[in-house]
Number of protein chains: 2
Amino acid sequence: MAKYVYTFGGGKAEGNASMKNLLGGKGSNLGEMAGLGIPVPPGFTITTEVCTYYYENDGKYPEGLEKQVQQGLRYVEKVMGAKFGNRRNPLLVSVRSGARVSMPGMMDTVLNLGLNDETIQGLIAKTKNPRMAYDSYRRFVQMYADVVMGAKGDEFEELIRGKKKEKGVKDDTELTAEDWQELVGKFKEVVREKTGKDFPTDPKEQLWGAIGAVFRSWDTPRAVSYRQLHHIPEDWGTAVSVQAMVFGNMGESSATGVAFTRDPSTGDKRFFGEFLINAQGEDVVAGIRTPHPITIAGKRDSGLTSLEEEMPEIYQQLVQIYEKLEQHYKEMQDIEFTIQEGKLYMLQTRTGKRTGFAAIRIAVDMVDEGLIDQEEALKRVEPAQLLQLLAPIFETEAKQKAVEEGRLLAKGLNAGPGAACGRVVFSAEKAVEMARKGEKVILTRTETSPEDISGMAKAAGILTSTGGTTSHAAVVARGMGKSCIVGCGALNIDYATGTITVRDKVIKEGDYVSIDGTTGEVILGQLPTIPSEVIQVLVQKTKKPEESRVYQQFDELMTWADKHRKLGIRTNADTPGDAAVARKFGAEGIGLTRTEHMFFEGDRIDAVREMILAEDSEGRKRALAKIMPMQKEDFIGIFEAMEGLPVTIRTLDPPLHEFLPHTDKEIEELAGQMGVEAKRLKQKVQSLHEANPMLGHRGCRLGIAYPEITEMQARAIVEAACELIKKGKKVEPEIMIPLVGHINELRGQKEIVDRVAKETAEKYGVAIEYKVGTMIELPRAALTADQVALEAEFFSFGTNDLTQTTFGISRDDAGTFLPMYVEKRILPHDPFQSIDRDGVGALMKIGVEKGRATRPDLKIGICGEHGGDPDSVEFCHEIGLNYVSCSPYRVPIARLAAARANLGVEAAVD
Amino acid sequence: MAKYVYTFGGGKAEGNASMKNLLGGKGSNLGEMAGLGIPVPPGFTITTEVCTYYYENDGKYPEGLEKQVQQGLRYVEKVMGAKFGNRRNPLLVSVRSGARVSMPGMMDTVLNLGLNDETIQGLIAKTKNPRMAYDSYRRFVQMYADVVMGAKGDEFEELIRGKKKEKGVKDDTELTAEDWQELVGKFKEVVREKTGKDFPTDPKEQLWGAIGAVFRSWDTPRAVSYRQLHHIPEDWGTAVSVQAMVFGNMGESSATGVAFTRDPSTGDKRFFGEFLINAQGEDVVAGIRTPHPITIAGKRDSGLTSLEEEMPEIYQQLVQIYEKLEQHYKEMQDIEFTIQEGKLYMLQTRTGKRTGFAAIRIAVDMVDEGLIDQEEALKRVEPAQLLQLLAPIFETEAKQKAVEEGRLLAKGLNAGPGAACGRVVFSAEKAVEMARKGEKVILTRTETSPEDISGMAKAAGILTSTGGTTSHAAVVARGMGKSCIVGCGALNIDYATGTITVRDKVIKEGDYVSIDGTTGEVILGQLPTIPSEVIQVLVQKTKKPEESRVYQQFDELMTWADKHRKLGIRTNADTPGDAAVARKFGAEGIGLTRTEHMFFEGDRIDAVREMILAEDSEGRKRALAKIMPMQKEDFIGIFEAMEGLPVTIRTLDPPLHEFLPHTDKEIEELAGQMGVEAKRLKQKVQSLHEANPMLGHRGCRLGIAYPEITEMQARAIVEAACELIKKGKKVEPEIMIPLVGHINELRGQKEIVDRVAKETAEKYGVAIEYKVGTMIELPRAALTADQVALEAEFFSFGTNDLTQTTFGISRDDAGTFLPMYVEKRILPHDPFQSIDRDGVGALMKIGVEKGRATRPDLKIGICGEHGGDPDSVEFCHEIGLNYVSCSPYRVPIARLAAARANLGVEAAVD
């Protein structure tokens, strides 16, 4: 006869981890643990084949199943020394579903199965806790009624509410054993009314009911649609695991606890956990009783006794088990255990969650210990976890104290990790002014715009009341590695009065606030911060590598990452300083230099405005001639910082109105400064106004309308390169034309660049190698990439704009609905954070395929925000890009993500 | 020996139209005409095989070619009774290139080849016009030097300018025979200087030079790149046609003329043309001498004698020829002829350009005459030509009154039918300038030239004082479908003073005139217009079908179109009135009803504003409840008008701020009306402000944020349908969700519609059939159409928004660069007018393919502006859409375009 039931427990098991297809995930893992000699509560698993049979035979079970289940039950009774349905020493069981993969929509668990009005007496006798026993009983009835008998509805909760009202109490915990006993009776009445059936008192009937319910839950609409969506075959079926319940609350020789095999916060290799005598699992985490440390070392000055002291034998057993588990799973484990009347049972073991610091320490340590290899270590560290190692930090205790003092003002979106503290200022000018005086400032605005760049650069942190994590403030802040909180709606910022109002508190300009960009917390007053160790070593050089174990392990992991990645990693950098930092973080080139940021610096903006106001091409040329030498110096600085690595420079991109003021007052001021009529300036500002500037006169459309701009920029780039070449230096400029939608746009701009390059090279008498390429940031560019590649020598996906146009969503305006979309799961994630593979990604694939069809060796990169997002990096690897480019502080993340992608680790999207 | 040379003329020909590959387009057509017995100037064609040989053998000619060319020349001499190179009776020839297809970049024509200092004497003797002879000579030298000898440059024109300066004259026409003679000498010196060679005096050398130049012109870079672009094989080669020159200016028995075989303005079947005795072809069209009518009927009250009277025999011969040509080509012909010393030669026959009225009349008449079939008739009428039949005409009574008041200024030739009214302008620049300001203008000139094209395009109508119905003004105006009157000699136009003087009346620039291009009447002042005959019959019912031949023929053509098309034709209509009009034009359903337009009507806007200002869902529901009954009435009206045809209704699309005022004053007014605080209203307006509203909170994003809006609209639609169904009427509603980018957006909205439909159908106790579908107007929707089609029961391409997002171009802001893009040919055409096939079209194809992969019977239409553009309709046919939807007045155009697409006619894009 076929074997349908596999037992486990009592030091052995019929199944193991390799039998996932037959026993499901849960069943095979329980078998694996039991097989290792780990004491798990005994049980048995009914195979997935039974599920298949069940569906093929109209809900009938195969012959012999009943007998095998009976035998399984008998085995469990034997190991536990208890009897199913016995009123004095009752065996209670849990029944769980378990397919090959975990699947929402299926029945999860029925606990305490086997309880009835008789067996409850045994439970009470054992636990000496009638209240807990009846609470368990009513939970069992409620859960069984719902998932097995289909008696759904609010009636059960309604009854509990009624009872509490009757007793004049607020919490469930205030109800007595008698109350729960009474409710059990009422619950059963409800079941009778709703289903026309009595609640089963026979434990065997209960068991078969639950087994059938598990099988039927395979076929709920939600489970079916989940399978369709994830291409899971219908005929895989689910297994059913039946396992003995164990209780940590059966007196002073019983206990329950949770533990980590290493410190999940620091990664230190030390056993670490908490427990409670005579308690249930939920008591440990509920925070009502203070749990005790497991080890003597863990006591510190808590004055609490440890398990090591109270139950030294069990402690030793636990130590052996945790060592065995780590050796077996080669991973830090998070374990749950229960001690029932002096006997230890492991309820669960799973990979333990940890901080970024711990993740790196554990991964690197385990390589040193020979437990895992480098590849596995790389797979173990989530790229985003590196952020913690780079962000400045508040002193933990000081922050704790501030919160206790009620100084936590509000919580916004954590847009730029790290801690920052400074005086509130409301304008970029003020930020610059105060920074000049050596003050640290937090630039606080409803939102930021390109005009604020200089102020943002000088601020310690940025705080806005509107905007999402991809808003201007957030993007720029991350690019600058600044701490930033955006969308902090609780702040009422009033520029006119120069105040922020939060509830009853009023913060004035100049007051101190502290922002934790890692958590989104805004705290009143000054909190001391320190830069991260990695930064101290790498950027500030205030610490030596050998002084920081964190840095050493970070560096080691990065070395491994570089060895295992195929994608190149570049950075988005607009200044020599940024470029230098990025190189320290491992950037292999610049993927995007935004020339417009240079237009705002110092008094260049005057010349830029003169150009915009010029009446004709000649006037524009005169103004541009003033900017040219300065741009050239910028490029020389960047080329030098990059020492011969490729540098991609984008020609002017933003609409011209961004360079002009917008309020009447500012316009009048500027007009005075420039010596032009305010009226004329105002007319110009108005004439440049656009209904949808994002889709307006910007990108290469500017260079086409005003070829002299492209010409000036090309000349500045090529002259800078030529001067360095003359000095014997290597330079690799890549000139990038933005917002191309049609090959003809690129063609014209490339002609200008080529002509200027030829003239300039001749003038300097040097040979210069350069490339001209384009951003692919409009759907049309991707769709016609075969044509575009006739001219483009490289592509760089501008996925910010590509996402905006593909979705038809403006980042600036998305705040009114995009958060709701993500919250309601209309979109699986924010497409401005991770590339939307089905839509934007499909266009990227088309772009890559068509581009390389024309030009097989086409170099293709990405320079949108996504270049620093691990999931997006993985996608870029998959579709065969040559490199990703991201902000300097994201470079390590991209390096790790690229290695992981190459190692086949799937990044988590949400 | 192979045959390389094919002669034609003298009543016979060795080649014919079927030999295009061998003789090129020109050569084979000349052969065809000659073969029909049409008297063409004799000549011969050197085959394309010679060209191929030439390139395969380093510029050598095949053996025997020279002899065959000599024989050909001798044949021509014999037919013409003249001798090549003879000083008394010289034969002059033209040399033309001619490939299978006409191709830019190749040598066009060298005229008057054979002239030298001796043969010119013969020409002078024959024409008795030394000035014309020497002018011809210098033109020959100039052209030959350029295209054959490669002596390009401005020197020739420089010399002419110098001569004019020396003589103190302004125009070329003021130079004398002696002046030109002197210039010929100087031209030859320039040639010697620039090429180091003497200008050939030997006519044979001239001939072989020209033949070689034609072959070499096959290989110019421009020709090569044209071939690459159009996939024309290199080895097709070009033929060379050598043809005798004939002269209409050899005295009183010579003449030249142009004619149409039917009236190109009305389509009437009457021979129609103009000629001049003792003149060259260019004199007829130049507008300097007023040409005479060919027929007696054509004289009207001009007082000019006709060819029919002056040369009755030749006239008879011409009549026979034109009849033969029409029978042969089965098309209205535009012919050019020259009478040289009493002998008639046909220089050219080609398909004649015509107005929309004429196009339809000729096509329908020719079917009646049995000349062509219905399919051919459909191919003959450009869809855009139908616009003329629908364009307004002057009100009869008002015109009558104007005439009685003496405001009829003059009567000219009716060159372009239709009524137009506008301000007089005298230059193309002024026309463009005023049109930009929204002024309607009548471009008024003595004559027009190609430089005036841009102004003509912007003018409402064109009026000239000279020139015939075949003049530049007439031809171009007809091509543009503009109202046009030419040859209105009564007008004395004085550019200097900016006036027109007619008898005692003086009209200044900026004054209004009204021109009736159908009758040739020019009337002072503004005349009111009334709908065209077709509209009067079809829409207004003020005329009976039998009273309008125009309508009858239009109707007949439309019937044929319907028989031959596969695409369904729907209309975009928001009111029962529009729907009714569209049905009269042949719409088979509504493809787009914009519900937001209904939101603006009457006092509904108050309820809409109340909804926007509501604090919560309940408040919105209360406001929406006020709108619901009105929307329902709208839908009842539309459903009734469409009598059971499908009606696609789009749920609310525009951003809410469009329903609110924006200026402070308006806001205060409205706040007063609504009884809310102005401050609150202002805050709401500000909170709804978006940086890029096109990409903001609109479309289904509204219905998702405020499900009660979708619910109200769904209820209004379904209740309307149910009420009609109860009355036994048929209703086919299709509810369309706008701006879907992700299937989940559609899913949620569809759930609302389905729930409401179920509730409503139950309430009314009727069964209702309806569909829920979506616009495909975002790239993401097209790219994920396979997913979207899981929910969508139909697709409708919203190509306006799809074009905006695919290109990243806002229509509202495109004015600053899109016209420049089209002008500079950066884009081949305005993508908002005709679908951009490579980009937007590629997305549409993806959408159709993926959508039908999921749902093979998916109904797909288009409801953007493009639905009424012939080229776009063709594309929609090609990619397999089910229907196009366009504005009511575009329905006939779409019907015809759909038929033509199905018949395989390629629409013209630009």
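Now for a quick tour of the structure. (Residues numbered from 1 in each chain as written. Chains lettered and ligands numbered in written order. Predicted model: local features only at pLDDT ≥ 70, side-chain atom pairs only at ≥ 80, totals over all residues. Heavy atoms only, no water.)

1. Digging into the overall build of chain A
The helix and strand tally for chain A stands at 37 helices and 34 strands. In chain A, which comprises 910 residues, the proportion classed as buried is 57%. The contacts of chain A with a sequence gap of at least 6 include a subset with a gap of at least 24, amounting to 67%. Counting only carbon and sulfur atoms, one obtains 48% of the accessible surface of chain A, whose full area is about 37100 Å². (Helix = DSSP H or I, 4+ residues; strand = E, 2+ residues; numbered from the N terminus. Buried < 20%, exposed > 50% of the residue type's maximum accessible area, 1.4 Å probe, protein only. Contact = heavy atoms within 4.5 Å. Areas by Shrake-Rupley, 256 points an atom, 1.4 Å probe, with all protein chains shown as cover.)

2. A word on the interface of chain B and chain A
In this assembly, 44 residues from chain B lie in contact with 44 residues from chain A. Summed over both sides, the interface of chain B with chain A buries roughly 3800 Å², with 58% coming from carbon and sulfur. For the chain B face of the interface with chain A, the top three residues by lost area are Asn692, Leu695 and Arg780 of chain B, together amounting to 17%. For the salt bridge of Asp836 of chain A with Arg780 of chain B, the shortest nitrogen-to-oxygen distance reads 2.6 Å. Counting the contacts that link chain B with chain A gives 27 residue pairs in polar contact (both at pLDDT 80 or more). With five residues, helix H35 (residues 837-854) of chain B is the largest single contributor of residues to the side of chain B that touches chain A. Its residues assigned to classes, the side of chain B that touches chain A comprises 21 nonpolar, 13 polar and ten charged. (Buried area = accessible area lost by both parts, 1.4 Å probe. Salt bridge = Lys/Arg side-chain N within 4 Å of Asp/Glu carboxyl O. Polar contact = N/O pair within 3.5 Å; in protein donor to acceptor, adjacent residues only side chain to side chain. Nonpolar A, V, L, I, M, F, W, Y, C, P; charged D, E, K, R; others polar.)

3. Comments concerning the sheet that holds strand E27 (residues 568-572) of chain B
All names here are of chain B. Around the barrel, which closes on itself, the eight strands sit in the order E27-E28-E29-E30-E31-E32-E33-E34 with parallel pairing between neighbours. Going from strand to strand, the sheet's axes swing by 25° on average, the running direction of each strand aside. Here four bridges tie E27 to strand E34 (residues 883-886), and the two strands are oriented parallel to one another. Bridged to Ile569 within E34 is Val884. Where helix H30 (residues 743-764) meets the sheet, it contacts strand E30 (732-737) and strand E31 (771-776), and its direction lies at approximately 150° from that of E31. (Pairing = 2+ DSSP bridges. Axes fitted to C-alpha atoms, helices over the stretch in contact; angles between N-to-C directions.)

4. Remarks on the packing of aromatic side chains
Tallied over the entire structure, the rule returns 32 aromatic pairs over all chains. Clustering of aromatic rings is evident, with ring pairs tying together Tyr54, Tyr55, Tyr61, Trp208 and Phe215 of chain A. Against the face of Tyr6 of chain A rests Lys3 of chain A, its NZ or CZ located 4.8 Å from the ring centre. In this structure, Arg570 of chain B packs its charged tip against the face of Tyr883 of chain B, placed 4.0 Å from the ring centre. (Phe/Tyr/Trp six-rings, centres within 6.5 Å; stacked < 30°, edge-to-face > 60°. Lys NZ or Arg CZ within 6 Å of the ring centre and 35° of its normal.)

5. Some words on the nonpolar core
The biggest cluster of nonpolar side chains holds 289 residues, and the ones touching the most others in it are Phe639, Met844 and Leu881 of chain A together with Phe639, Met844 and Leu881 of chain B. Apart from the residues lying within four places of it in its own chain, the contact partners of Phe639 of chain B are Gly644, Val647, Ile649, Ile717, Ala720, Ala721, Leu724, Val731 and Pro733 of chain B. Listed in part, the 67 residues of the second largest apolar core include Val110, Val148, Ile211 and Met250 of chain B. (Core = buried A, V, L, I, M, F, W, Y, C linked by side-chain atoms within 4.5 Å.)

6. Looking at helix H13 (residues 356-368) of chain B
Residue and element names in this part refer to chain B. The end-to-end C-alpha separation of H13 is 18 Å, in line with the 18 Å expected for 13 residues at 1.5 Å each. Within H13, eleven of the 13 residues are buried, leaving the element largely enclosed by the surrounding structure. Buried within H13 are the following residues: Gly356, Ala358, Ala359, Ile360, Arg361, Ile362, Ala363, Val364, Asp365, Met366 and Val367. Among the structural elements, helix H12 (312-329), helix H14 (374-380), helix H15 (386-390) and helix H21 (549-564) are those in contact with the buried residues of H13. (Expected span 1.5 Å × (residues − 1).)

7. Examining the packing of helix H3 (residues 65-80) of chain A against helix H8 (residues 203-217) of chain A
Residues and elements named next belong to chain A. At their nearest, the axes of H3 and H8 sit 13 Å apart, and the two run at 115° to each other. Note on packing geometry: the crossing formed by H3 with H8 is right-handed. Contacts from Leu65, Glu66, Val69, Gln70 and Leu73 of H3 reach H8 at Lys204, Leu207 and Trp208. (Left-handed = near helix turned anticlockwise from the far one by under 90°.)

8. Thoughts on the sheet that holds strand E11 (residues 292-293) of chain A
All names here are of chain A. Read across the sheet, five strands follow the order E11-E10-E9-E12-E13 without closing on themselves; strand pairing throughout is antiparallel. The outermost strands of the open sheet, each flanked by one partner alone, are E11 and strand E13 (343-351). In this sheet, strand E10 (residues 272-277) lies alongside strand E9 (residues 255-260) in antiparallel orientation, the contact comprising six bridges. Within the sheet, the bridge partner assigned to Phe260 lies in E10 and is Phe272. Sheet contacts for helix H12 (residues 312-329): strand E12 (333-340) and E13; angle to E13, the most-contacted strand, approximately 30°.

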